Every structure is written in structure tokens, then in C-alpha cells.
Amino acid sequence: LFSLARSTQKRKIQNENRNMESYPSEAVFEVETKGKQLTSEEDVQPLCDQILKVAEYVRTIKVCGNSYGTAACENLAKALSQCHKLDVLDMSDAFTGRLRSEIPGSLTFISQALIESHCKLVELNLSHNAFGPDGVDGFKELLKNMPSLKALKVTNNGLSSVGGKMIADALIEGNVKLELFWGGRNRLEEDGAKALAFAFSHMKTIKNVQVPQNGIKDEGMEALLDSLSENNDIEHIAVNDNFIKEQAIAALCKAVRAAPKLITLNVSDCMVGEEGSVLLAEALRDGCPILETVEYCYNEMESKESQQAFLDMLGMKSSLKKVEIKGNELGSKMQRTYTAKFEEMKKKSALGPFESDDESDEDDDDEADEANVNSGKDKSEEDQLTDAINNMKI
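This one's a predicted model, so the numbers in the text were calculated from it and none came from an experiment.

Please set out the packing of aromatic side chains residue by residue, giving values where relevant.
By the definition in use, this model includes four aromatic pairs. Over the ring of Phe-243 we find Lys-217; its NZ or CZ atom is 4.8 Å from the centre of that ring.

Following this line, the structure appears as C-alpha cells:
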């Protein structure tokens, strides 16, 4: 059921005139079997026993993929409290099937144990646990008391704007200087985005932020992007499947101009529009010299001017490894222009498809319909009407 992902056997190191016992600096403990329901103290005792065997030197513990009840978490917490050198705890997808009301108590046990262990936690992953804002009550004290934390992953937790604000407030109170924040699919909306923006502006250490599918629009997106312009070491930005319009476009342009280390930019499905696309292309052209990935699908970049401006910008990026622009209505001539440019840059493999599979199917249907119409020119009007009725799609 349990295993150490890397060897954690003691080894001897000769140091000058004496032997010193040493342990691997990246010892990882991981539960191999997934999908188990561990409800009682007894259910989780074998796991606790294994953790205690490596508690003296384990750096990473991954107990994700199983479901832990409150009693099980209380027992697990006792083992975690002995892991004084712990850097990373992964409890993603750890409460499947549990009542939302019991998860805060479970997280409280875990959080208190980590505080008591005096470990200097660097990464906490609680993604894919549907605990909502109530669940944040269970780990907000940990955020307030763990200034060593550099990476927080809370994707798909149903946080809402309330939970987002609670996390932001706890991070500020704990003077946490995050480098990575993942919080996609949480319905953060305006207020949640504003609260996190305030926290990021306070930190000025963010390198990687991913907040897709949060219903963020208008002032919320403007505030979030403005905050990223104050984090000049930003390397990865993913705000896809939100809304970027008007003032938020100006904030996005400001952010990328202030990001000389930017590697990845994902603003797909944000309804940026033609004018916004031109402005963003200009901003990216002026900055981001080491940009590798651009994802810009379904952004209503439909005019020749905006498509050409975007291509001109991409043509200046020698580090490109991946470009996704499907869903922007590029005509066949513009598609050939893009392809020729990427071939000239010797980066044809970096250019993704211009259409999704669904769009390709629709195009095939359209071509078939056109062929049917053309083939019917020599038929009588009655025959053409019969064919049209037979080819109707309901």
C-alpha cells in the first residue's frame, strides 16, 4: 500500500576523520494504492506506522488519491507532527465522498500537526477537494503560521469569492511570500480576484499564477493583472477562460511589458477581441524576450489586421516552443501565411492546429453541403428540393 519513491536507506559518508550518518535530501514518501476509503484510526494506522519510520528525514509526503475521514486525519496528524524536515505535503483528491461539513475538522488536525512539527513547509497541495470556503477555516491558521511556504495549490476546491478572500487574508497576515499560486476552477469572481490581487501586490514574489475558469471579469481581472505587473519575476501566467475587456486589456499589456522573465502566457477563451489582440501583440513584441508558450485560442481575433499583428509579434520570438491560436477564424490564406512564417523560423512543430476537431468536422460538413449544391445544378427543381429535404439536419 505504501512506498518510498526514492531510496531512504541510511548511508555512511566519510567526513574528515569520522563517520556521519546522512539521509537523502529529497526523500519522498508516497501512497501507491489509490481509491481507498480510510475512515477510522485503525484504517490509517499502517500508513501512520510507515510515516513514523521515515519521519526523521522525509521531505515530501504524498497521501493523495485516497479518501480520509476525520478520525483517520486525526491519527495521520499525529504522525505528521513528527516530520520536522517536511518540505512538501500533497493531500490533493483526499476527501472524495466525505461530507463537506467534516472536512474542516480534518484539515484542522493536519494543519495543527504541521505547525507543531516546526517544519518549514515549502509546498502545500490541497487541489481537487470540494471543501468550499468552510474548508479554508481548517487550514487558514497554517497559512498564518508558515512563512516558509512558497507554493500553494488550491485548484478545483469550490472556494468562491469568500474562500479566495479568506486565503488572501491569511497569506497577508502570515507574511507569506508565495512564488506559485494555482487556484483554477473556484468561482473566485470579482471579490476573490481582488483579494488575491492585493495579496500578490504585497508579496512581489509571484513567479507562477494559474487561475483559469473563475468567472473573473472587469475590475477583478484588472486588479489581478495589475498586481502581476508588481511581480517582475513572473514566469507563468494562466488566466484563461475568464474575461479580459477594456481596462483589463490595458492591465494585461502592462503586466507583460513588466515581465522580462515570462515563459508561458495562457489567455485563451477571454473574449479579448480584435483591438485588444492588436494591443497585446504590441506589448508582447516590446517585452518578454524568452517567451516559449503562447495560448490564445477563441479570443475573437478575426480581422486580418489583428491576425497579422499577432503573427508579426510571434515572428520576433526566437524561443517559441508552443503556440495555440485555434478558434480565431483564420482564413486559409492567413493559415498558410502563419505556416510559412513558422517554417521560415524552423519552428513548424511549435504551431498548433488552426481549428479544433469539432470545427474541422463542421468544415467537412460545409464542404459536403457545397458539393451537394453544386452537383444539383443539372437536376430539376423538384429533384433539388427532394435532395435538400433529405440532407436537412434536425
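Can you tell me about the packing of helix H7 (residues 218-228) against helix H8 (residues 247-257), naming the residues and giving the values?
Where H7 meets H8, the axes come as close as 8 Å, and the angle between the chain directions of the two elements is 10°. Overall, the two elements H7 and H8 adopt an arrangement that is roughly parallel. The segment H7 lies against H8, with Asp-218, Met-221, Glu-222, Leu-225, Asp-226 and Leu-228 engaging Gln-247, Ala-248, Ala-251, Leu-252, Lys-254 and Ala-255. Among the residues making up the contact of H7 with H8, the classes are represented as seven nonpolar, one polar and four charged.

Any chance you could break down empty space enclosed by the protein for me, citing the residues and the numbers?
Under the criterion given, the structure shown has one cavity of 30 Å³ or more. Its boundaries defined by the atoms lining it, the largest cavity holds a volume of some 30 Å³. Lining the largest cavity, in full, are Leu-107, Ile-110, Ser-111, Leu-114, Leu-124, Leu-126, Phe-139 and Leu-142. Put simply, the parts of the chain that give the lining of the largest cavity at least two residues each are helix H3 (103-117) and helix H4 (132-144).

Which residues make up the side chain of Ser-229, and what values do they have?
Within the secondary structure layout, Ser-229 lies in the loop between H7 and strand E13 (236-238). Residue class for Ser-229 comes out buried when judged on its relative accessible area of 11%. Polar side-chain contacts of Ser-229 include one of 2.5 Å to the backbone oxygen of Asp-226.

Any chance you could break down the pattern of salt bridges for me, citing the residues and the numbers?
Following the criterion strictly, the structure yields 18 salt bridges and no others. With a closest N to O distance of 3.7 Å, Glu-173 and Lys-144 form a salt bridge. With Glu-173 in helix H5 (residues 160-173) and Lys-144 in helix H4, this pair connects stretches of sequence that are 29 residues apart. Exposure remark for Glu-173: the relative accessible area of 57% places this residue in the exposed category. Between Glu-343 and Lys-348 there is a salt bridge, with the nearest N and O atoms lying 3.4 Å from each other. The exposure class of Glu-343 is partly exposed, given its relative accessible area of 42%. What you see here is one network of salt bridges that share partners, running through Glu-141, Lys-144 and Glu-173.

Provide a residue-level description of the environment of Thr-293, including the pertinent values.
When you line up the elements, Thr-293 lands in strand E15 (residues 293-295). Along the backbone, Thr-293 and Lys-321 are 28 residues apart, and their C-alpha atoms lie at a distance of 5.9 Å. Once residues lying within four places of it in the same chain are set aside, the contact partners of Thr-293 are Ile-263, Thr-264, Leu-265 and Lys-322.

Provide a residue-level description of a negative patch on the surface, including the pertinent values.
A contiguous patch of negative charge on the surface is contributed by Glu-274, Glu-282, Glu-302, Glu-305 and Glu-329. Looking at the secondary structure, you find Glu-302 in the loop between E15 and helix H10 (304-314).

Which residues make up helix H2 (residues 70-80), and what are the values?
Among all positions in H2, only Ala-72, Cys-73, Asn-75, Leu-76, Ala-77, Ala-79 and Leu-80 are buried. At its buried positions, H2 is contacted by strand E5 (37-38), helix H1 (41-54), strand E6 (60-62), strand E7 (67-68), strand E8 (88-90) and H3.

Talk me through the packing of helix H6 (residues 189-203) against H7; I want residue IDs and the actual numbers.
Orientation of H6 relative to H7, taken along the N-to-C sense of each, is 15°, at an axis distance of 8 Å. By the criterion of interaxial angle, the relationship of H6 to H7 is roughly parallel. As for how H6 packs across H7, the hand of that crossing is left-handed. On H7, the residues touching Glu-190, Ala-193, Lys-194, Ala-197, Phe-200 and Ser-201 of H6 are Asp-218, Glu-219, Gly-220, Ala-223, Leu-224, Ser-227 and Leu-228. Split into classes, the residues belonging to the contact of H6 with H7 amount to six nonpolar, three polar and four charged.

How would you sum up H6? Please name residues and give values.
Helix length check: H6, at 15 residues, gives a terminal C-alpha distance of 21 Å against a target of 21 Å (1.5 Å per residue), a fit within 8%. All buried positions along H6 are accounted for by Gly-192, Ala-193, Ala-195, Leu-196, Ala-197, Ala-199, Phe-200, Ser-201 and Met-203. In this structure, the buried residues of H6 make contact with H5, strand E11 (180-182), strand E12 (208-210) and H7. Lys-204 occupies a position one or two residues after H6 and carries a positive phi of about 60°.

The rules behind these values
Residues numbered from 1 in each chain as written. Predicted model: local features only at pLDDT ≥ 70, side-chain atom pairs only at ≥ 80, totals over all residues. Heavy atoms only, no water. Phe/Tyr/Trp six-rings, centres within 6.5 Å; stacked < 30°, edge-to-face > 60°. Lys NZ or Arg CZ within 6 Å of the ring centre and 35° of its normal. Axes fitted to C-alpha atoms, helices over the stretch in contact; angles between N-to-C directions. Helix = DSSP H or I, 4+ residues; strand = E, 2+ residues; numbered from the N terminus. Parallel < 35°, antiparallel > 145°, perpendicular 65-115°, else oblique. Contact = heavy atoms within 4.5 Å. Nonpolar A, V, L, I, M, F, W, Y, C, P; charged D, E, K, R; others polar. 1 Å grid on protein atoms, 1.4 Å probe; cavity = no way out; pocket = protein on both sides within 12 Å on 5 of 7 lines; lining within 4 Å. Points joined across faces, edges and corners; volume = space filled by probe spheres on them. Buried < 20%, exposed > 50% of the residue type's maximum accessible area, 1.4 Å probe, protein only. Polar contact = N/O pair within 3.5 Å; in protein donor to acceptor, adjacent residues only side chain to side chain. Salt bridge = Lys/Arg side-chain N within 4 Å of Asp/Glu carboxyl O. Patch = residues over 30% accessible without salt bridge, like charges linked within 9 Å, V, L, I, M, F, W, Y side chains within 5 Å. Areas by Shrake-Rupley, 256 points an atom, 1.4 Å probe, with all protein chains shown as cover. Lys, Arg positive; Asp, Glu negative; His and termini not counted. Charge placed at Lys NZ, Arg CZ, Asp CG, Glu CD. Left-handed = near helix turned anticlockwise from the far one by under 90°. Expected span 1.5 Å × (residues − 1).

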